[in-house]
Amino acid sequence: MSVTPAIEGWFTAGPDPVLVGSQCSTCATVFFPSVEGFCRNPACAGESFEMVELSRRGRIWSYTDAQYQPPPPYIPAADPYEPFALAAVELPEGLVVLGQVAAGYGVADLEVGGEAELVVETLYSDESGERTIWRWKPVTELGGETDQ
Ligand SMILES: [Zn+2]
């Protein structure tokens, strides 16, 4: 049995996984998923990119409960479908990345503005091994409210 990413090249493995995006060499805008060819910034004519590792932590920008199975290319982890929470997390790089919420967490654990950390978990298993995907894990702040 092997452990491989469900989507090749979008994130790293190991104890401190990160998402892999691309940064325009001209205007420094960061994109995830990574882009190539031309810069998506309409004010920029850049055509070269460097791979960059994104921050592991960001702020929850929005979240939702997925009560119905999303359309393809979503791959159901269980049959019948099990509802899960989705979080959109804003990273310091200035982009918002959507992801499932880590196993064991639900919308009750999330709040807009709260901190979330990237984790990599098993999405599903098949005959060739485990497939992994990134998820957002809410970070519990000890010591109450922090305003920054
Ligand atoms: Zn650019």
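First, a word on scope: everything that follows refers to the structure included in this document. (Residues numbered from 1 in each chain as written. Predicted model: local features only at pLDDT ≥ 70, side-chain atom pairs only at ≥ 80, totals over all residues. Heavy atoms only, no water.)

Focus: the packing of aromatic side chains
Part 1 of the argument: All told, the structure shown has 5 aromatic pairs when counted by the stated rule.
Part 2 of the argument: Centroid distance phenylalanine 31 to phenylalanine 49: 6.3 Å. Interplanar angle 75 degrees. Geometry classified as edge-to-face. Taken together, the residues span a long stretch of sequence, with phenylalanine 31 in strand 3 (residues 30-31) and phenylalanine 49 in strand 4 (residues 49-53) at a distance of 18 residues.
Part 3 of the argument: Centroid distance phenylalanine 32 to tryptophan 134: 5.5 Å. Interplanar angle 85 degrees. Geometry classified as edge-to-face. Of this pair, phenylalanine 32 sits in the loop between strand 3 and strand 4 while tryptophan 134 sits in strand 9 (residues 129-138), and the two are 102 residues apart along the sequence. An identical accessibility class is assigned to phenylalanine 32 and tryptophan 134; each is buried. (Phe/Tyr/Trp six-rings, centres within 6.5 Å; stacked < 30°, edge-to-face > 60°. Helix = DSSP H or I, 4+ residues; strand = E, 2+ residues; numbered from the N terminus. Buried < 20%, exposed > 50% of the residue type's maximum accessible area, 1.4 Å probe, protein only.)

Quick word on the side chain of arginine 56
Part 1 of the argument: Its place among the elements puts arginine 56 in the loop between strand 4 and strand 5 (57-66).
Part 2 of the argument: Within the structure, the side chain of arginine 56 is placed 3.2 Å from the side chain of aspartate 16, a separation counted as a polar contact.
Part 3 of the argument: Only 2.7 Å separates the side chain of arginine 56 from the backbone oxygen of leucine 118, close enough to count as a polar contact.
Part 4 of the argument: Residues in contact with arginine 56, not counting those within four places in the same chain, are Pro15, Asp16, Pro17, Val18, Ala116, Glu117, Leu118 and Trp136. (Polar contact = N/O pair within 3.5 Å; in protein donor to acceptor, adjacent residues only side chain to side chain. Contact = heavy atoms within 4.5 Å.)

A closer look at the coordination of the zinc ion
Part 1 of the argument: For the zinc ion, the full set of protein donor atoms is Cys24 (SG), Cys27 (SG), Cys39 (SG) and Cys44 (SG), at a range of 2.3 Å.
Part 2 of the argument: What the 4 donor atoms of the zinc ion show is an angle range of 108 to 111 degrees at the metal, which sorts the shape as tetrahedral.
Part 3 of the argument: In primary sequence terms, the donor set of the zinc ion follows C-x2-C-x11-C-x4-C. Of this pair, cysteine 27 sits in the loop between strand 2 (20-24) and strand 3 while cysteine 44 sits in the loop between strand 3 and strand 4; the two residues are 17 residues apart in sequence, bridging distant segments of the chain.
Part 4 of the argument: For cysteine 27, a relative accessible area of 28% puts it in the partly exposed group.
Part 5 of the argument: On the accessibility criterion, cysteine 44 (13% relative accessible area) is buried. (Donors = N, O, S within 2.8 Å, 3.2 Å for Na, K, Ca; no water. Tetrahedral: all angles 85-135°; square planar, octahedral: opposite > 155°, others 65-115°.)

Details of the pattern of salt bridges
Part 1 of the argument: Inspection of every chain in the model, using the stated rule, returns 4 salt bridges.
Part 2 of the argument: Arginine 56 serves as the salt-bridge partner of aspartate 16, at 3.2 Å between the closest nitrogen and oxygen. Here the residue aspartate 16 occupies a position in the loop between strand 1 (2-5) and strand 2, and arginine 56 occupies one in the loop between strand 4 and strand 5, the gap between them amounting to 40 residues.
Part 3 of the argument: Classification of aspartate 16 by relative accessible area gives exposed; the value is 52%.
Part 4 of the argument: Overlapping salt bridges bring together Arg57, Glu115 and Glu117 as one network. (Salt bridge = Lys/Arg side-chain N within 4 Å of Asp/Glu carboxyl O.)

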